[in-house]
Amino acid sequence: MIKITEDILKSVDEFKNNIQRYKEGKFENIKSFSPIMGIYKQRLNDTYMVRPRIPGGEITIAKLKDISEIANKYAQGELRFTTRQDIQFHDVELDDLNNILDSLIKCGLTTKGAGGDGIRNVTCSPLSGVSLDEIFDVTPYVKQVTNFMMKDPANLKLPRKYKISFSNSPEDTANATVSDIGFIAKIVDGKRGFEVYAGGGLGNNAKIALKLEDFIEDTMALYYVQAMKQVFEREGDRTNRRKARLRYVVERLGEKEFIQMFKNELDNLKAKQDLRLKIDIIEENMQDISSINESKWEEKYKNIVYPQKQVGYYSLYIHPQNGKISTNYLDKLVNFLTSINYKISIRLTMTQGFFVRDLKKKDAQTLIDITSDYVSIFNVDNSISCVGPKICNFGINNSQGLLDSIIEAFKETTVDIKSALPKMFISGCHNSCAHPQKGLIGFIGKKKRTDDGLIPVYAISFNGRVGSNVTRFGEVYGEIAAKKIPKFLLELALLKVNSGYTDFTQFIENSEVEVKTLVAKYSSLERLSENQDLYSDFD
């Protein structure tokens, strides 16, 4: 999807030169030039994380095979799927950084702009083009916006990161309503267009985006992306990184003045440049899938198998635990997909997994069997967690260890208990890389100071969601020590099963007193002499 330009090739050469200067002692570390190339030093050893940019999460089988080969050679035979439709290699040696960048370029990928203060990966609803509920396919818009924004070197020298999202339906599966600027597909009077949102973001001081427009013509989207970027470029705080994101500009100016400033910027831009998108619209003649008398999937597969609007085809969700997959598993998957004699597609998600799309039923079932060792049909197993303090320099609590412990606690439970809870979103610190604020269950980690020492705890929130005109952050019910959370969740699942509610949102809304009482029960913190385990994190 990204065009490998001369500028991208030049940036790789510059990185190599800087690495050489670092080895010669001319830089104290690589932090001054590596983040914008998607490369960060890991916390606990002298190795690095490398993040290739996968615009809209769209990737081919051939590229996935190339990525597996790169991971096998340079990243200990493992890779990780992220919460922004990217891929990450971990434990990469300093001497392999240049090699990994060259290898990515050869397969048509780049890390440029995958980190640092610039245009981050433009996200797209992962089932765009195939989902039953979509308004229209937003993938072409993501492609054009990505390549336009990558042209200008200034777009990688912004006050902080700038996130753009395109969702294909009001469900907002690309997080448009919590982005710096986001678009949700809409049709009015037969014309394609978008609702437009701006100034949102997760992390510290999370904010729901303002609704800028109820409808704009689809061809006008790039004007909005560029005008908002120009406002951010000029008004963003370059002196204080903690308050440098676009949402702080909204906070400083106030909503009314911010919107007026943006409107002025937009009008000036329209007068000077032609940024209308030219999208080739392919008219689809789809049958109503509901009228097709076709055998349905077993109910147990509802969380991972999605019927497409293309009759007789399905998308399969694959979520390796904690987003990590070995190259052995990935190679088996790729080999099977290569053997299929019709075209399939792959999209990375914002939930640390990916969809294999356009599968016929028999091949979807075969793929379920192939991936059964690491793919679960239960939402609790498909929960999202950040990389945690073993890798991340900002990490506080071991979120991955917590998720592993939760999954282990539910492993031998009955199907009704294991099916009771939704996906959880677990962040080990307030930076919220796992998007806990939008989760039906969200966790944000911190250390709580007591007379006996620090205790890893998590703030727990309920009933967050994203969507057109309905986005809300979860309500925090309290804080629970990390080591108590698995047992708390088991009791919460039992409470839900006994409540008679099947929908989790309804359960929380109608059982608020009982749930808060349960949180309070598990919020107690014993002294060190009474519960020593409470004062340590997961290994």
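How each quantity is defined
- Here, residues in each chain are numbered from 1, in the same order as that chain's written sequence.
- Predicted model: local features are reported for residues with pLDDT of at least 70 only, side-chain atom pairs are reported and counted for 80 or more only, and whole-chain, interface and lining totals are derived from all residues.
- Water and hydrogen atoms play no part in the side-chain values, which are based on all heavy atoms of the structure.
- Strand pairing is defined by DSSP finding a minimum of two bridges between the two strands.
- For the purposes of this entry, the term helix denotes a DSSP run of H or I that reaches at least four residues, the term strand denotes a run of E that reaches at least two, and both are numbered from the N terminus.
- Buried residues are those whose accessible area, probed at 1.4 Å on protein chains only, stays under 20% of the maximum for their type, while exposed residues exceed 50% and partly exposed ones sit between those limits.
- A crossover gets the label right-handed when its path from the first strand over the helix to the second runs clockwise, viewed with the strands pointing away from the viewer.
- pLDDT is a per-residue confidence score from the predictor, ranging from 0 to 100.
- Contacts were defined at the residue level, with two residues in contact if any of their heavy atoms lie within 4.5 Å.

With that settled, consider the sheet that holds strand β14 (residues 345–348). Taken in spatial order, the 5 strands of this open sheet run β3-β14-β15-β12-β11, and their pairing is antiparallel. Edge strands, defined here as strands with exactly one partner in the open sheet, are β3 (58–59) and β11 (305–307). As paired elements, β3 and β14 share 2 bridges and run antiparallel to each other. Within β14, the position partnered with E58 by the bridge is R347.

The side chains of a regular strand alternate, first on one face of the sheet and then on the other. Neither face of strand β7 (residues 164–167) is exposed, since I164 and F166 on one face and S165 and S167 on the opposite face are all buried. By the bridge criterion, 2 bridges tie strand β6 (residues 123–124) to β7 in an arrangement that is parallel. From the neighbouring strand, T123 faces β7, where its bridge partner is S165. You can see the chain leave β6, run along helix α4 (residues 139–149) and come back into β7, and the turn it takes is left-handed. Relative to strand β8 (residues 181–188), β7 runs parallel, the two sharing 4 bridges. For S167, the partnering residue across the bridge sits in β8 and is I184.

When pLDDT is averaged along the chain, the result is 95; 97% of the residues meet or exceed 70. With pLDDT under 50 throughout, residues 288–293 is counted as low confidence; its partners more than four residues away or in other chains account for 6 contacts.

Okay, the environment of L528 next. Structurally, L528 can be placed in the segment after α14 (512–522). For the pair formed by L528 and I208, sequence separation is 320 residues and the distance between their alpha carbons is 40 Å. When residues no more than four places from it in sequence are discounted, the contact partners of L528 are D452 and Y535.

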